[in-house]
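Spelled out from the first residue to the last, the chains are:
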Amino acid sequence: MNIAIVGAGGAVGREILSILEGGALPFDNLRLFGSARSAGSKMPFRGQEIEIEQLTHDSDFSGVDFALVSAGGSTSIEYADVITRHGTVMIDNSSAFRMDADVPLVVPEINGEDALKAPRNIIANPNCTTIQMVVALSPINRISPVKRVHVATYQAASGAGALAMDELIQQHADLVAGREPHVEKFAYQLAYNVIPHIDVFTDNDYTKEEMKMYHETKKIMHSSSIEVSATCVRVPVMRAHSEAIWVETERPVSVEEAREAFMKAPGVVLMDDPAAKAYPMPLDIAGKDPVYVGRVRRDLAGSGLAFWTVSDQLRKGAALNAVQIVQCIIKKRHSA
Ligand SMILES: NC(=O)c1ccc[n+]([C@@H]2O[C@H](COP(=O)([O-])OP(=O)(O)OC[C@H]3O[C@@H](n4cnc5c(N)ncnc54)[C@H](OP(=O)(O)O)[C@@H]3O)[C@@H](O)[C@H]2O)c1
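Only a predicted model underlies this, so the values are computations on that prediction, with no experimental measurement involved.

(A) Local environment of the pairing of strand 12 (residues 291-298). In the sheet, strand 11 (residues 268-270) pairs with strand 12 via three bridges, with the strands oriented parallel. What sits directly across from Val 268, in strand 12, is Val 291. Direction of pairing for strand 12 relative to strand 13 (residues 305-311): antiparallel, over a ladder of five bridges. The residue bridging Gly 294 from the neighbouring strand is Trp 308, located in strand 13. Hairpin geometry of strand 12 and strand 13 is characterised by an intervening segment of six residues between the two adjacent antiparallel strands.

Here it is as structure tokens:
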């Protein structure tokens, strides 16, 4: 099996490389791609160095079984044909194709079987905040169908890419040195601030990030009746997104039922002991794979449940989920 990573030098690409380094997939050959900016530079992998190739319209992907693509939506749109034309399956981390009817949108714990129906050889990785939320909603949904979700997110700087992480570090350094902080990747200074604005605003005054959570949840969970109202907020955290979630189900689910379901759910870790001050926080969860759930309680303002989740969006929200999609396809092909 041969693998390619497109956008290998980016925040998600580097995380994919580290997951592959850990042995998540068996493969014979690994190729790395980037833009002209990083082409020719080398990335270490298992004691060797792999050179980054420039992605062009002449790039030859024949013989590549899976391409894990994290290079932004416009690159995905421009090069999808180049990548898939010889049968390579493209796992795309951008939002470019997520809502296309003939492109599956997959979280393996929930709808892994959808990955086998990819007529364009493109499979979309959902938005990072959506992945984290649906992994936590799914065990509740199995007890009683989820009707309504309210969610407020607290999203890390790394969600905006490698340069955004650098910008947050630099802003702190500038402020300590008494300099005006440089602002480019975010709408405002993020250091010592929170910004209720991720991606562009849409006609209904929600942002595109918030509308991704609305639309993608329905597609992944195969339910047109789940309604999601999100407020997405950037916070000065380096890595791992947090979400406060309020959920209503067709029949009320008790806190005890929910806790038990979270404990059994694949990809979920329940960390919920208020007396011991045990609840997930980004500092502790960065670099880890599961979606952590805590603060499970009855919603005092409704008939549902309230809880808190934290997950490293570079892992489960992007790189890990993409690798798990490949693992899921290989497993299903072998058992077919
Ligand atoms: N960061 C997250 O938490 C996260 C989560 C889920 C999904 N995503 C999505 O994943 C994608 C990548 O995000 P990121 O955070 O990794 O961004 P990033 O750190 O800015 O990295 C972008 C990567 O894309 C490459 N690239 C840009 N234009 C290219 C081109 N024309 N041809 C080939 N490579 C090109 C860059 O290569 P050069 O360095 O060579 O220019 C770089 O390696 C985006 O679509 C993003 O929405 C990100």
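(B) Representation of the layout of surface pockets within the structure. By volume, the second largest pocket amounts to about 170 Å³. Lining the second largest pocket are Pro 108, Glu 109, Gly 112, Gln 324, Gln 327, Cys 328, Lys 331, Lys 332 and Ser 335. Secondary structure elements with two or more residues in the lining of the second largest pocket: helix 3 (108-111) and helix 9 (315-335). Of all the elements, helix 9 adds the most residues to the lining of the second largest pocket, at six residues.

(C) Examining unusual backbone geometry more closely. Even without being glycine, Arg 46 reaches a positive phi, approximately 45 degrees. Summarising the element assignment, Arg 46 is placed in the loop between strand 3 (42-45) and strand 4 (48-54).

Thresholds applied
- Sequence order sets the numbering: in each chain, residues are counted from 1 along the sequence as written.
- Local features in this predicted model are restricted to residues whose pLDDT is 70 or higher, and side-chain atom pairs enter the listing and the counts only when it is 80 or higher, whereas totals over whole chains, interfaces and linings include all residues.
- To get the side-chain values, take all heavy atoms of the structure and skip hydrogens and water.
- Any two strands between which DSSP finds at least two bridges are classified as paired.
- Runs of H or I in DSSP of at least four residues are treated as helices and runs of E of at least two as strands, each being numbered from the N terminus.
- Using a grid of 1 Å spacing that covers the protein atoms alone, one calls a set of points a cavity when a 1.4 Å probe fits there but cannot get out, and a pocket when the set is open and has protein on both sides within 12 Å along at least five of seven lines; lining residues are those with an atom within 4 Å of a point.
- Grid points are joined across faces, edges and corners, and a volume is the space filled by probe spheres set on the points.

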